[in-house]
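Read off the chains here:
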Amino acid sequence: AAAGDGGALHAGFGSGLQLTGVQVASNAAGGNGGGVAATAAALVATNASLVFNGADGAGGGIAGDASSSVILVTTTVASNNAGGVGGGVSTAGVLSVTNACNVSHNVAVSGGGASCQRTASVVVEDSLFDGNSAADAGGGVMCDGCACELGSGSRLEHNTVGEAASVLDSAARGGGGAYFAVDP
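Reading guide: rules and limits
Residues numbered from 1 in each chain as written. Predicted model: local features only at pLDDT ≥ 70, side-chain atom pairs only at ≥ 80, totals over all residues. Heavy atoms only, no water. Salt bridge = Lys/Arg side-chain N within 4 Å of Asp/Glu carboxyl O. Buried < 20%, exposed > 50% of the residue type's maximum accessible area, 1.4 Å probe, protein only. Helix = DSSP H or I, 4+ residues; strand = E, 2+ residues; numbered from the N terminus. Pairing = 2+ DSSP bridges. Axes fitted to C-alpha atoms, helices over the stretch in contact; angles between N-to-C directions. Core = buried A, V, L, I, M, F, W, Y, C linked by side-chain atoms within 4.5 Å. Polar contact = N/O pair within 3.5 Å; in protein donor to acceptor, adjacent residues only side chain to side chain. Contact = heavy atoms within 4.5 Å. pLDDT = per-residue confidence, 0-100.

> Could you clarify how one ought to interpret the pattern of salt bridges in this entry?
Two side chains bearing opposite charge may form a pair once their charged atoms approach each other closely. The final tally for this structure, using the stated rule, is one salt bridge. The residue Arg-155 makes a salt bridge to Glu-157 at a minimum N-O spacing of 3.0 Å. Owing to a relative accessible area of 41%, Arg-155 belongs among the partly exposed residues under this scheme.

> Teacher, can you tell me more about the pairing of strand 14 (residues 94-98) here?
Taken residue by residue, a regular strand's side chains alternate between the two faces of the sheet. The element strand 14 is largely enclosed, with a buried count of four among its five residues. As defined by bridge partners, strand 10 (residues 69-73) adjoins strand 14 across five bridges and the pair is classed as parallel. Following the sheet pairing, Val-73 is matched in strand 14 by Thr-98. The pairing of strand 14 with strand 18 (residues 121-124) spans four bridges and is classified as parallel. Each bridged residue has a counterpart across the sheet, and for Ser-96 the counterpart in strand 18 is Val-123.

> Before we go on, may I ask you to explain the sheet that holds strand 19 (residues 128-130) in this structure?
By definition, the strands of a sheet pair up through backbone hydrogen bonds, in either a parallel or an antiparallel sense. Pairing in this open sheet of six strands is parallel, and the strands run 3-7-11-15-19-23 from one edge to the other. A strand with exactly one partner marks an edge of an open sheet, and here the two such strands are strand 3 (23-25) and strand 23 (155-157). On average, each strand axis in the sheet is inclined to that of its neighbour by 5°, with strand direction left out of account. Across three bridges, strand 3 lies against strand 7 (residues 49-51) in parallel orientation. Paired with Val-24 across the bridge in strand 7 is Leu-50.

> I would appreciate a short explanation of the nonpolar core in the present structure.
Considering soluble globular proteins, one finds that nonpolar side chains tend to be buried as a cluster. One finds Leu-72, Leu-95 and Val-97 to be the most contacted residues of the largest nonpolar core, which totals 25 residues. Broken down by secondary-structure element, the contributors of at least two residues to this core are strand 6 (42-46), strand 10, strand 14, strand 17 (114-117), strand 18 and strand 21 (141-144).

> How should I be thinking about the side chain of Asn-106 in this particular structure?
Mapped onto the elements of the fold, Asn-106 is located in the loop between strand 15 (102-104) and strand 16 (107-110). Asn-106 gets classed as buried once you look at its relative accessible area, which sits at 0%. From its side chain, Asn-106 meets the backbone nitrogen of Asn-80 in a polar contact 2.9 Å long. Each residue touching Asn-106, except ones within four places of it in the same chain, is listed here: Val-77, Ala-78, Ser-79, Asn-80, Gly-87, Gly-88, Gly-112, Gly-113, Gly-131, Asn-132 and Ser-133.

> Could you clarify how one ought to interpret the sheet that holds strand 14 in this entry?
With parallel pairing, the six strands of this open sheet are ordered in space as 2-6-10-14-18-22. Edge positions in the sheet fall to strand 2 (16-20) and strand 22 (147-150), since each of these pairs with one other strand and no more. Averaged over neighbouring strand pairs, the angle between their axes works out to 5° when direction is ignored. As defined by bridge partners, strand 6 adjoins strand 10 across five bridges and the pair is classed as parallel. Residue pairing in the sheet places Leu-43 in a bridge with Val-70 of strand 10.

> Can you help me understand the confidence of the model for the protein in this one?
Low pLDDT marks regions whose predicted coordinates should not be analysed in detail. Chain-level statistics for the protein give a pLDDT mean of 88 and a share of 88% at 70 or above. Across residues 164-173, where pLDDT falls below 50, the model places 20 contacts with residues more than four positions away in sequence or in other chains.

> It is not clear to me how unusual backbone geometry should be interpreted in this structure. Could you clarify?
Note: most peptide bonds trans; most residues except glycine with negative phi. A positive phi angle is found at Phe-52, which is not glycine, with a value near 60°. Tracing the backbone through its elements, the reader meets Phe-52 in the loop between strand 7 and strand 8 (54-55). In this model, His-158 sits at a positive phi of 60°, which is unusual for a non-glycine residue. Here His-158 is to be found in the loop between strand 23 and strand 24 (160-161).

Here it is, written out as structure tokens:
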């Protein structure tokens, strides 16, 4: 377990990290990014798998700061957990989830599948957010004061918040499927 950020990998300060056909599994971080942390970096994961990772802070699978971009293409982010926001992915930068990504069974306080904050710009297309859960808000996706586009082929299924009422519906208090908040 890494004491700081990035349980398995930490891409930092102007670097680029490409994960192609790679599995990042069973890692832990005392800070953010149980699998991978990106600080002012570009992370591209293609045909990759980030599973069973955990972070005490944000981003059980992946954490990106406001100066980072996280691009996921045909990638699985599953069964990760975060003590803060973003069980699967947490970012304040750019997040792109496309081409049949599967973000499933992740757990966090807010944004079980993904949490996007403030300056984030988020695009989700042709991807599935399924079975994620959050204690507070946004079982599938939580967009807090950021630009978020759920495009063609996007599916939010079986995500829950709090004491989830029904396994068949993305419904509960605080946006079982998705939660969008705008700062006053």
